[in-house]
Amino acid sequence: MRVANPQNTDTTDLFIIGGGINGCGIARDAAGRGLSVTLAEMNDLGSATSSASTKLFHGGLRYLEYFEFRLVREALIEREVLLRAMPHISWPMRFVLPYHKDMRFESETPTSRLLSLVMPWMKGRRPAWLIRTGLFLYDHLGGRKILPGTSTLNLKDTPEGAPLEPRFEKAFEYSDCWVEDSRLVVLNARDADRLGARILTRTQVLSAERDGAEWRIETKNTENGERCIHRARMLINAGGPWVGDIIQTKVRLNSTEGVRLVRGSHIVTRRLYDHDKCYFFQGTDGRIIFSIPYETDFTLIGTTDAEHDDPSVRPVCTEGEKRYLIDFANRYFARDLTTDDIVWTYSGVRPLYDDGASSATAATRDYTLKVEAEGGAPILNIFGGKITTYRRLAESALKLVAEHLPGVTGSWTAGAPLPGGDFEVGEVDTLVERLRGDHPYLTEFWARRLVRAYGTEAAGILGKARSAGDLGRDFGATLTEAEVAWLMDNEYARTAEDVVWRRNKLGLRLGKDEIAALDSWMTSRSHSAPAAAE
Ligand SMILES: Cc1cc2nc3c(=O)[nH]c(=O)nc-3n(C[C@H](O)[C@H](O)[C@H](O)COP(=O)(O)OP(=O)(O)OC[C@H]3O[C@@H](n4cnc5c(N)ncnc54)[C@H](O)[C@@H]3O)c2cc1C
């Protein structure tokens with residue numbers, strides 16, 4: 001990693017505001033096409049929406065009811081492209097959709113309006129044939145080669161039926177993929193860095209103004225207060241929930257484009273069932289939630305849709321949202337959950353393009369890119385998008401960049417593995433075995449955790465260690481000094497929170513004191529080696 005020069009006045013091609021998945025994905029793509037790039041993130045990489053998603057590479061089955069065929073098709077094709085490029089941090093998952101005749105549409109969807117016109121006696125119910133048709137489209141709309149297709153499942157006397165109420169006798173089962181969202185962001189940033197981009201974390205953009213054909217951008221280092229001026233030919237606003245704030249208060253554009261902030265919360269419980277499949281639960285309010293096996297010993301349930309007015313208000317899962325998710329899940333699980341079963345919650349804010357939809361659930365999940373170049377140097381504002389479509393969004397952004405900057409080469413990221421992802425889909429077990437063979441002191445959990453996080457780079461973190469003691473201080477739950485030092489030197493980690501909630505999820509297993517001890521160790525290490533930790 002390069003060290004930032006506070007007096008930097010070189011003009012780069014692109015200056016990107018925001019180190020979420022969209023900013024980092026664009027930085028990587030642009031750097032690989034030979035553009036000079038600086039990216040500024042005011043906190044940790046992926047610290048906002050991009051670490052708070054449901055963590056699915058999915059086509060979005062429910063968007064079919066909104067006739068969002070373009071988005072669904074693009075996302076479906078993209079699932080396998082991404083899976084191949086990162087077989088360590090993403091993997092296929094099967095989703096079980098229990099069927100019951102009381103399932104209802106959200107009344108606003110185009111499908112529900114159409115159905116109530118032609119079959120008014122259905123009274124808003126989602127018939128089984130319609131779900132089957134949706135799943136048929138889901139199977140065939142785009143490029144499925146690795147993932148198995150839809151099947152019908154008998155829930156009586158099967159492991160999938162065991163945790164559910166007996167009234168659910170039949171289900172559909174289909175495929176989507178899991179992804180470790182915050183690791184996806186960091187791996188894109190690292191690859192951008194490898195290709196020459198400057199990635200500045202803890203760097204807030206205070207203002208950006210046009211100076212002839214260039215942008216003059218002022219940033220502040222949020223750790224030491226140091227200010228710096230940067231110059232760029234084009235500005236990219238990938239501020240996620242802050243996209244509107246950046247337009248209005250940092251760049252001061254006269255723009256009418258709006259963003260709609262919709263909070264989504266998740267709850268985590270101890271593991272609720274023994275198999276490795278997810279559930280897709282449909283509610284009586286037309287919404288859906290997922291229940292997903294999580295971090296080996298836990299279950300993840302989400303999400304909600306709640307209006308969230310101010311991006312500077314940190315999103316949290318409210319008591320009302322906890323209750324909503326528990327009640328929703330209780331309509332399906334045989335065992336009655338209470339809010340006491342919740343061990344952790346997290347929330348994020350979707351920065352959706354304001355398409356004028358009346359409800360938060362109905363607002364489009366597609367992305368919109370808008371270039372504004374009338375006042376001189378161009379700015380590209382990014383609205384909406386999904387984790388699943390980040391690579392395609394970056395390609396679309398680069399097409400627009402090419403209209404303003406000469407010499408931009410063609411797209412290259414499809415098929416290019418992310419760091420540690422240079423192995424075949426399905427080879428994780430082989431990598432785990434090899435790692436345990438070379439390092440017999442690793443438990444199965446520990447080795448698998450390392451391979452899932454770092455892929456082929458896991459061996460480099462362990463180096464020549466012959467025992468756990470050779471990896472330095474033990475912070476608990478298999479987290480060692482060697483791994484934390486590697487994360488600080490290679491993955492921009494600065495605090496314990498960066499490590500235990502974004503580079504991994506060991507926060508679920510570590511106590512408060514252990515996390516505090518890790519934090520003070522990291523602080524003293526950065527003070528003794530500031531250049532390495534930038
Ligand atoms: C509850 C929920 C569930 C979701 N589930 C899925 C899913 O399963 N699958 C899927 O594909 N998508 C999902 N999404 C959507 C996906 O998470 C988002 O579309 C995506 O993460 C948005 O990324 P982003 O880079 O635009 O925004 P962010 O990740 O929010 O990044 C923007 C960054 O800009 C930084 N920033 C803002 N202002 C400044 C400034 N002045 N200076 C410097 N930095 C600044 C912020 O700190 C932030 O890190 C979900 C979203 C939510 C909320």
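Use the structure listed above.
Each chain carries its own residue numbering, running from 1 in the written order of its sequence. In keeping with the model being predicted, local features are shown solely for residues with a pLDDT of at least 70 and side-chain atom pairs are shown and tallied solely at 80 or more, while totals for entire chains, interfaces and linings include all residues. The side-chain values count all of the structure's non-hydrogen atoms but skip hydrogen atoms and water molecules.

### A look at the overall build of the protein chain
Of the regular secondary structure elements, the protein chain holds 14 helices and 20 strands. Put simply, the radius of gyration uses C-alpha atoms, and a globule should come to 2.2 Å times the residue count raised to 0.38. The C-alpha radius of gyration of the protein chain comes to 23 Å, within 12% of the 24 Å expected for a compact globule of 534 residues. Along the first, second and third principal axes, the C-alpha atoms of the protein chain reach 70 × 60 × 40 Å. For the protein chain, the proportion of its 534 residues judged to be buried stands at 59%. Should any heavy atoms of two residues lie within 4.5 Å, those residues are counted as being in contact. Across the protein chain, the fraction of contacts at a sequence separation of at least 24, relative to all contacts at a separation of at least 6, is 72%. Carbon and sulfur atoms provide 50% of the accessible area of the protein chain, an area that totals close to 21,400 Å². Within the protein chain, one finds 68 positive and 74 negative side-chain charges whose respective centroids are separated by 3 Å. What counts as a helix is a DSSP run of H or I of at least four residues, what counts as a strand is a run of E of at least two, and both are numbered from the N terminus. The classification of residues rests on relative accessible area computed with a 1.4 Å probe and restricted to protein chains. Under 20% of the type maximum is buried, over 50% is exposed, and intermediate values are partly exposed. Values of accessible area rely on a 1.4 Å probe in the Shrake-Rupley scheme; residue burial ignores everything except the protein chains shown. Positive charges come from Lys and Arg alone, negative charges from Asp and Glu alone, with His and the N- and C-terminal ends not counted. For this purpose, a charge sits on NZ of Lys, CZ of Arg, CG of Asp or CD of Glu.

### Brief notes about the side chain of E321
With respect to the helices and strands, E321 occurs in helix α7 (residues 319-330). When its relative accessible area of 7% is taken as the criterion, E321 is described as buried. Contacts described as polar in this section are N or O atom pairs within 3.5 Å, which, within protein, must combine one atom able to donate a hydrogen with one able to accept it, while residues neighboring in sequence count only if both atoms come from side chains. Within the structure, the side chain of E321 is placed 3.0 Å from the backbone nitrogen of T318, a separation counted as a polar contact. Ignoring any residue separated from it by four or fewer positions in sequence, one finds E321 in contact with R263, S265, T304, A306 and V316.

### Considerations on the site of the ligand
Close to the ligand lie 38 residues, the nearest being E41, S50, L56, G385 and T388. The side chain of N22 places a nitrogen or oxygen atom 2.9 Å from an oxygen atom of the ligand. In the environment of the ligand, a nitrogen atom lies 2.9 Å from a nitrogen or oxygen atom belonging to the backbone of V205. Within the complex, the protein chains bury 98% of what would otherwise be the 1,000 Å² of accessible surface of the ligand. At the level of elements, α1 (21-32), β8 (203-211), β11 (259-270) and β16 (342-353) are the ones that each hand at least two residues to the shell around the ligand. Residue classes follow a fixed rule: Ala, Val, Leu, Ile, Met, Phe, Trp, Tyr, Cys and Pro count as nonpolar, while Asp, Glu, Lys and Arg count as charged, and any other residue, Gly among them, counts as polar. Its residues placed into classes, the shell around the ligand shows 14 nonpolar, 20 polar and four charged. The near set for a molecule or strand comprises every residue that places at least one heavy atom within 4 Å of it.

### Structural notes on a nonpolar patch on the surface
Exposure above 30% relative accessible area and no salt bridge define the residues that can form patches, which grow by joining like charges within 9 Å and nonpolar side chains of Val, Leu, Ile, Met, Phe, Trp and Tyr within 5 Å. Any Lys or Arg side-chain nitrogen located within 4 Å of an Asp or Glu carboxyl oxygen qualifies as a salt bridge. Together, F67, F69 and L137 give the surface a local cluster of nonpolar side chains, amounting to about 250 Å² of exposed area. You can see F69 is positioned in helix α2 (residues 69-85). With relative accessibility at 38%, the residue F69 sits in the partly exposed group.

### Overview of the packing of α1 against helix α5 (residues 181-194)
For any two helices packed against each other, one specifies the crossing angle of their axes together with the interaxial distance. All axes are obtained by fitting lines to C-alpha atoms, using only the stretch in contact for helices, and the reported angles, taken between N-to-C directions, cover 0 to 180 degrees. Between α1 and α5, the shortest axis-to-axis distance is 8 Å and the interhelical angle comes to 25°. If you check the angle between α1 and α5, you find them roughly parallel. Between α1 and α5 lies a crossing of left-handed hand. On α5, the residues touching I21, C24, G25, A27, R28 and A31 of α1 are L184, V185, N188, A189, D191 and A192. Working rule for angles: under 35 degrees goes down as roughly parallel, over 145 as roughly antiparallel, 65 to 115 as roughly perpendicular, anything else as oblique. The handedness criterion is simple: a crossing whose near helix is rotated anticlockwise from the far helix by less than a right angle is left-handed, and one whose near helix is rotated clockwise is right-handed.

### Some details on the environment of D176
Mapped onto the fold, D176 is located in strand β6 (residues 170-179). Judged by relative accessible area, which is 2%, D176 ranks as buried. Setting aside residues no more than four positions away along its own chain, D176 makes contact with F57, H58, G59, R79, W91, P92, M93, F95, Y138 and L147. Among the polar contacts listed, one links the side chain of D176 to the side chain of R79, at a separation of 2.9 Å.

### Section: unusual backbone geometry
The amide bond that connects G302 to the next residue, T303, takes the cis arrangement and shows omega of 20°. Although it is not a glycine, R252 sits at a positive phi angle of roughly 55°. Positionally, R252 belongs in the loop between α6 (243-250) and β11. You can call R252 exposed: its relative accessible area is 65%. Notably, T296 is not glycine yet its phi reads approximately 65°, a positive angle. Structurally, T296 is set in the loop between β13 (288-294) and β14 (298-302).

### Some remarks on the pattern of salt bridges
Inspection of the entire model under this criterion finds 45 salt bridges. With its nearest N and O atoms 3.1 Å apart, the salt bridge here joins R350 to D305. Taken as a pair, R350 in strand β16 and D305 in the loop between β14 and β15 (306-307) lie far apart in primary sequence, 45 residues in all. An identical accessibility class is assigned to R350 and D305; each is buried. Sharing partners across several salt bridges, the network here consists of D44, R202, E497, D498, R502 and R503.

### Quick notes on the state of the cysteines
In this description, the term disulfide denotes a pair of cysteine sulfurs within 2.5 Å. What the rule picks out here adds up to zero disulfides. The thiol sulfur of C24 is not disulfide-bonded, and the nearest other cysteine sulfur, from C228, lies at 19 Å. Owing to a relative accessible area of 0%, C24 belongs among the buried residues under this scheme.

### Quick word on the packing of aromatic side chains
Only centres within 6.5 Å qualify two rings of Phe, Tyr or Trp (six-membered ring in Trp) as a pair; their planes then separate them into stacked at under 30 degrees, edge-to-face at over 60, and tilted for everything else. Inspection of the entire model under this criterion finds 22 aromatic pairs. Here Y174 and F280 contribute two aromatic rings whose centre-to-centre distance is 6.1 Å and whose plane-to-plane angle is 75°, an arrangement assigned as edge-to-face. Here the residue Y174 occupies a position in strand β6, and F280 occupies one in strand β12 (residues 278-282), the gap between them amounting to 106 residues. The pair formed by Y174 and F280 is uniform in burial state, with each residue classed as buried. Pairing Y454 with W486 gives two aromatic rings, centres 5.3 Å apart and planes at 75°, and the pair type is edge-to-face. Placement of Y454 in helix α10 (residues 444-454) and of W486 in helix α12 (residues 481-490) is noted, with a sequence separation of 32 residues between them. One exposure class covers both Y454 and W486, and it is buried. Feature note: the residues F168, Y273, Y279, F281, Y332 and F333 constitute an aromatic cluster, connected by ring pairs. Here the basic side chain of R70 rests over the ring of Y367, its NZ or CZ set 5.5 Å away from the ring centre. As a reminder, the over-ring test applies to NZ of lysine and CZ of arginine, requiring each to be within 6 Å of the ring centre and within 35 degrees of the ring normal.

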